[in-house]
Amino acid sequence: QVQLVESGGGLVQAGGSLRLSCAASGNTFSINTMGWSRQAPGQQRELVATITSGGGTEYADSVKGRFTISRDNAKNTVYLQMNSLKPDDTAVYYCNTKTYASLAYWGQGTQVTISS
């Protein structure tokens, strides 16, 4: 099993920045891909960014150029640096990971609220 705990959410004005962190524990040796998704009220869940064990990244079009995902494999932690935040970025952000055996795990989420 892998456990994920997100932190770093909060309230920030439009144009500001936040950095989310997600610490993994348990069978961390099995972790392959890590990523972030989000869900806003009235909207479907959106995959925001992913990063492979080798460092390859992918981003949703809505956040390209503004968000950066990174990871520290030694610390079993993934980060999401969010810049130039917009009110539309308001959502609960969830950390997730996929193991080499293709098992997926999610954290409980952290609220990000962007005010106008």
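Since this is a predicted model, take the numbers as computed values, not measurements.

Peer 1: Quick question: what am I supposed to make of the pattern of salt bridges here?
Peer 2: Pairing is possible between side chains of opposite charge, provided their charged atoms come close. All told, the structure shown has 4 salt bridges when counted by the stated rule. Where arginine 38 meets glutamate 46, a salt bridge forms, and the shortest distance between an N and an O atom there is 2.8 Å. Exposure remark for glutamate 46: the relative accessible area of 25% places this residue in the partly exposed category. Members of the salt-bridge network, linked through shared partners, are Arg38, Glu46, Arg66 and Asp89.

Peer 1: For this particular structure, what's the right way to read the state of the cysteines?
Peer 2: Two cysteines joined by a covalent bond between their sulfur atoms form a disulfide. Taken as a whole, this structure holds 1 disulfide when the rule is applied. Across the disulfide from cysteine 22 sits cysteine 95; the S-S distance is 2.1 Å. One quick way to see it: the torsion about the S-S bond of cysteine 22 and cysteine 95 is about -80°, and its sign makes the bridge left-handed. With cysteine 22 in strand β3 (residues 18-26) and cysteine 95 in strand β9 (residues 91-99), the pair connects residues that are 73 residues apart, well separated along the chain. One exposure class covers both cysteine 22 and cysteine 95, and it is buried.

Peer 1: Just checking my understanding: could you explain the packing of aromatic side chains for this structure?
Peer 2: Centre distance and the angle of the planes are the two values used to describe a pair of aromatic rings. Overall, the coordinates contain 0 aromatic pairs when judged by the stated rule. Lying over the aromatic face of tyrosine 79, arginine 19 brings its terminal NZ or CZ to 4.1 Å of the ring centre. The ring of tyrosine 94 carries the charged tip of arginine 45 above its face, separated from the ring centre by 4.2 Å.

Peer 1: Please clarify how the nonpolar core should be interpreted in this entry.
Peer 2: Inside soluble globular proteins, nonpolar side chains tend to come together where they are buried. By size, the foremost hydrophobic cluster in this structure holds 28 residues, and its most contacted members are Trp36, Leu80, Met82 and Tyr93. Those elements that place two or more of their residues in this core are β1 (2-7), β3, β4 (31-39), β5 (46-51), β7 (67-72), β8 (77-82), β9 and β11 (110-115). Among all residues touching tyrosine 93, those that are not within four sequence positions of it are Glu6, Leu20, Trp36, Ser37, Arg38, Val48, Phe67, Leu80, Met82, Gly109, Thr110 and Val112.

Peer 1: Could you clarify how one ought to interpret the environment of tyrosine 93 in this entry?
Peer 2: One can find tyrosine 93 in strand β9. Separated by 84 residues in the primary sequence, tyrosine 93 and glycine 9 place their C-alpha atoms 8.1 Å from one another. One polar contact links the side chain of tyrosine 93 to the main-chain carbonyl oxygen of aspartate 89, over a distance of 2.7 Å.

So, how was this worked out
Residues numbered from 1 in each chain as written. Predicted model: local features only at pLDDT ≥ 70, side-chain atom pairs only at ≥ 80, totals over all residues. Heavy atoms only, no water. Salt bridge = Lys/Arg side-chain N within 4 Å of Asp/Glu carboxyl O. Buried < 20%, exposed > 50% of the residue type's maximum accessible area, 1.4 Å probe, protein only. Disulfide = S-S within 2.5 Å. Helix = DSSP H or I, 4+ residues; strand = E, 2+ residues; numbered from the N terminus. Phe/Tyr/Trp six-rings, centres within 6.5 Å; stacked < 30°, edge-to-face > 60°. Lys NZ or Arg CZ within 6 Å of the ring centre and 35° of its normal. Core = buried A, V, L, I, M, F, W, Y, C linked by side-chain atoms within 4.5 Å. Contact = heavy atoms within 4.5 Å. Polar contact = N/O pair within 3.5 Å; in protein donor to acceptor, adjacent residues only side chain to side chain.

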